[in-house]
Every structure is written in structure tokens, then in C-alpha cells.
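One letter stands for each residue in the lines below.
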Amino acid sequence: MTHPRDWIEVRPQGVWCRPGDFFIDPMQPVERAVVTHGHADHARAGHQHVFATPETLAIMRSRYGDNHFSEAEHPLAYGQIVDLNGVRLSLHPAGHILGSAQARLEYEGGTIVFSGDYKRRADPTCVPFEPVPCDVFVTEATFALPVFRHPPLGDEIARLLASLRQFPDRCHLVGAYALGKCQRVICALRAAGYVETLYLHGAMQRLCDLYQSLGVDLGALAPVTAENARTLAGRIVLCPPSALKDRWSRRLPEVLTAAASGWMRIRARAKQKGVELPLVISDHADWDELIETLRDVGAPEVWVTHGRDDALVHQATQMGLKARALHLIGYEDDAE
Ligand SMILES: [Zn+2]
Ligand SMILES: [Zn+2]
């Protein structure tokens, strides 16, 4: 077999497959891009050809417009194989957000899987992660430290609902990433039996509509308007993390600030952001999930893209795997 190290290169635009002449999640516009999912640090506008799941393409159209590409979109269903100059490319569920995929590349008998962003926890808004056997498994390491252990989602949602009962006069403003996290929190609230209308910052509306149109039921949603803002005491409002402290939120009555993020595990970070109710909710694998995934995938070699790469490389080595850090820059999962 031809080992992937002989045909995969890190270039300034991102990771490049030489024989197939395409990039995975490139940072800059390129001729051929494979896009793992719709988050802005992975999906950029301006490529000539885009290979992605139909859901990811729909998200890119919603965010960047129908002309986010200059030549063609190439929708790939999970498991469908396309041949690009002798490289067999297929996408497989990553369990991160709607449409998120791992990219499997096979060339001259060697296989490599780029997992993009992923998690192993249940998420009704997307298809669960599927371990794909390969020679080299490429993983991120955003939360690759033993301190990062995400609690069960139901526990965090229960804390939010308990706070709502305890402070019925306060508007509960929840900061959540507009793509993926917001819709997952909404689904979790519904699963916990919360049937009231949920109110949305303008930045969330379009993506929630898109999720609903793609079959994810989010229940009753309404925009926050100049007219209704004052009446939202005792209600839950979702906004992007950046809007938690801006002028927009001052219209809401007696705001109680919450935030749904894996980073909320770090108390100092929550405090620094002025978050009263930190909810540890992440769409990334935590330390245990990363280790579990290395075991489940069973690849003899692991490449780590970004994050706490030293810790994960060390861990993989301890598990008897070959491991190295790629030191990719530009993939920052800060808002996550
Ligand atoms: Zn992501
Ligand atoms: Zn990312």
C-alpha cells in the first residue's frame, strides 16, 4: 500500500491530497474543496468545486448565498463514493452538527480518515458518529485534557429549567453557537418537556428555519422584537455568545446570563465572560470520547490537527499508536 504520508501534504491553504488535487476544509478559496461541515472555520465561500453532504451545502447556501462556489456543488450522501483522479473519496457521519461528515480517502490501498469536528454523545439534530477503519485517523484535540469531561446533556438542561423555576421573573438569556449548538439545546429542552415558545436573536432564525426544513423539529420559535422584548420575563431567549453582553440584550427584562459551551467547564472563563449560569454543553468530543474514538477506529496511526495536540499525541503513543501533530492553524473552536 501507499502510505497516506506519501500523498497528503499540509499547505498554506490547508490539507491537500496530491493525487486527487483537492483540499480538506481549506482556509482560502481553492479549485476543489472537500468540506466536512458548515462551521465557518471549515466551510469558506469562494471555492470552484465543493464536495460535501447535501445538508452542509444547504448550510453554506444559507450562510453565503447561492453563489458560494464558482463552478459546481457536488453533493455526496453518507457512504457514497466518488473517484477523483484515482482517489476514492467518501463521507461518513461525524455526529457534530447537521450534515457533518468525516472524509475517507483511499489511494493505492492506503486509507486516511479526516474526522473534522466530531462527538460521540447522542444528538437528535444529526446522524451519530460512525467509526471508519483506516490506516491513519486524523482528529482535532480541542478538549484533549483530562479536565474536560462533559456532563450528560440532560443534567445541564435540568439546571437551566431549575433556574427558570427559581427565578421566574428573570429572562434567561442563553448564549449558544448559532449553528448546531442552538438547535441541539432547543431539542434537548423539548426532550425535557419544555413546550413553551423559545425566543431567538435574529442571527439564529435562518439556521433554525433551515434545520426545521431539513426535518429537525424545534417546536414553537419566535423572534425577539422591539415590541415583545420587554415581555420576556421568565422566558428562554437564545442568542450568539457574542450578543450576551451587547446593547441588544439590554432590552430584555432582568437578564440572567447563561452560556452553552464546552469551555464553561473552566470556571474562570465563565466568570470572565460574565456568565451566571454556565452550561457545559459541547459538540466536540471530550477527553474520554477522544480516547474511546481512538480505540473504536483502531487505526495504527493518528494525526492531530489542532487544540491540545501534545496531550493527545502523548495519550495515543501510550496506547501503542504512532502519533504526530500537524499544527494546523485557523481552526479555532473558541465559540464552541
Ligand atoms: Zn465545527
Ligand atoms: Zn472546528
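Residues numbered from 1 in each chain as written. Chains lettered and ligands numbered in written order. Predicted model: local features only at pLDDT ≥ 70, side-chain atom pairs only at ≥ 80, totals over all residues. Heavy atoms only, no water.

Naming follows an unreviewed UniProt entry, where the protein chain appears as mRNA 3-end processing factor of Asticcacaulis excentricus.

A. Molecular detail of the overall build of the protein chain. Helix and strand counts for the protein chain stand at 7 helices and 19 strands. Based on the C-alpha atoms only, the size of the protein chain along its principal axes is roughly 65 × 45 × 30 Å. For the protein chain, contacts bridging at least 24 residues in sequence account for 61% of all contacts bridging at least 6. Looking at the protein chain as shown, the accessible area adds up to about 13500 Å², and 50% of this sits on carbon and sulfur atoms. Within the protein chain, the 41 negative side-chain charges are centred at a point lying 6 Å from the centre of the 35 positive side-chain charges. (Helix = DSSP H or I, 4+ residues; strand = E, 2+ residues; numbered from the N terminus. Contact = heavy atoms within 4.5 Å. Areas by Shrake-Rupley, 256 points an atom, 1.4 Å probe, with all protein chains shown as cover. Lys, Arg positive; Asp, Glu negative; His and termini not counted. Charge placed at Lys NZ, Arg CZ, Asp CG, Glu CD.)

B. Molecular detail of the sheet that holds strand β5 (residues 47–52). Reading across from one edge, β1-β2-β3-β4-β5-β6 is the order of the 6 strands in this open sheet, with mixed pairing throughout. Both outer strands of the open sheet, β1 (8–11) and β6 (69–75), are each paired with one neighbouring strand and no more. When strand polarity is set aside, the average angle formed by the axes of neighbouring strands in this sheet is 30 degrees. One ladder, built from 2 bridges, connects strand β3 (residues 22–24) with strand β4 (residues 32–34); its direction is parallel. (Pairing = 2+ DSSP bridges. Axes fitted to C-alpha atoms, helices over the stretch in contact; angles between N-to-C directions.)

C. Seen up close, the nonpolar core. Formed by 37 residues in total, the largest nonpolar core has its most connected members in Ile157, Val174, Ile186, Leu189, Ile236, Leu238 and Leu279. When residues of this core are traced back to their parent elements, those giving at least two are α1 (54–64), α2 (153–166), α3 (181–191), β13 (198–200), α4 (202–213), β15 (236–239), β16 (255–260) and β17 (277–279). Per-element tally for this core: the top contributor is α3, with 6 residues. Shared between two domains, this core holds at least three residues of each, these being domain 1 (4–146 + 284–325) and domain 2 (153–279). When sequence neighbours within four positions are dropped, the list of residues in contact with Leu279 reads Glu156, Arg159, Leu160, Val174, Ala258, Ala259, Ala260, Ser261 and Met264. By size, the runner-up hydrophobic cluster in this structure holds 26 residues, among which are Phe22, Trp303, Leu326 and Leu328. (Core = buried A, V, L, I, M, F, W, Y, C linked by side-chain atoms within 4.5 Å. Buried < 20%, exposed > 50% of the residue type's maximum accessible area, 1.4 Å probe, protein only. Domains from an automatic or database assignment.)

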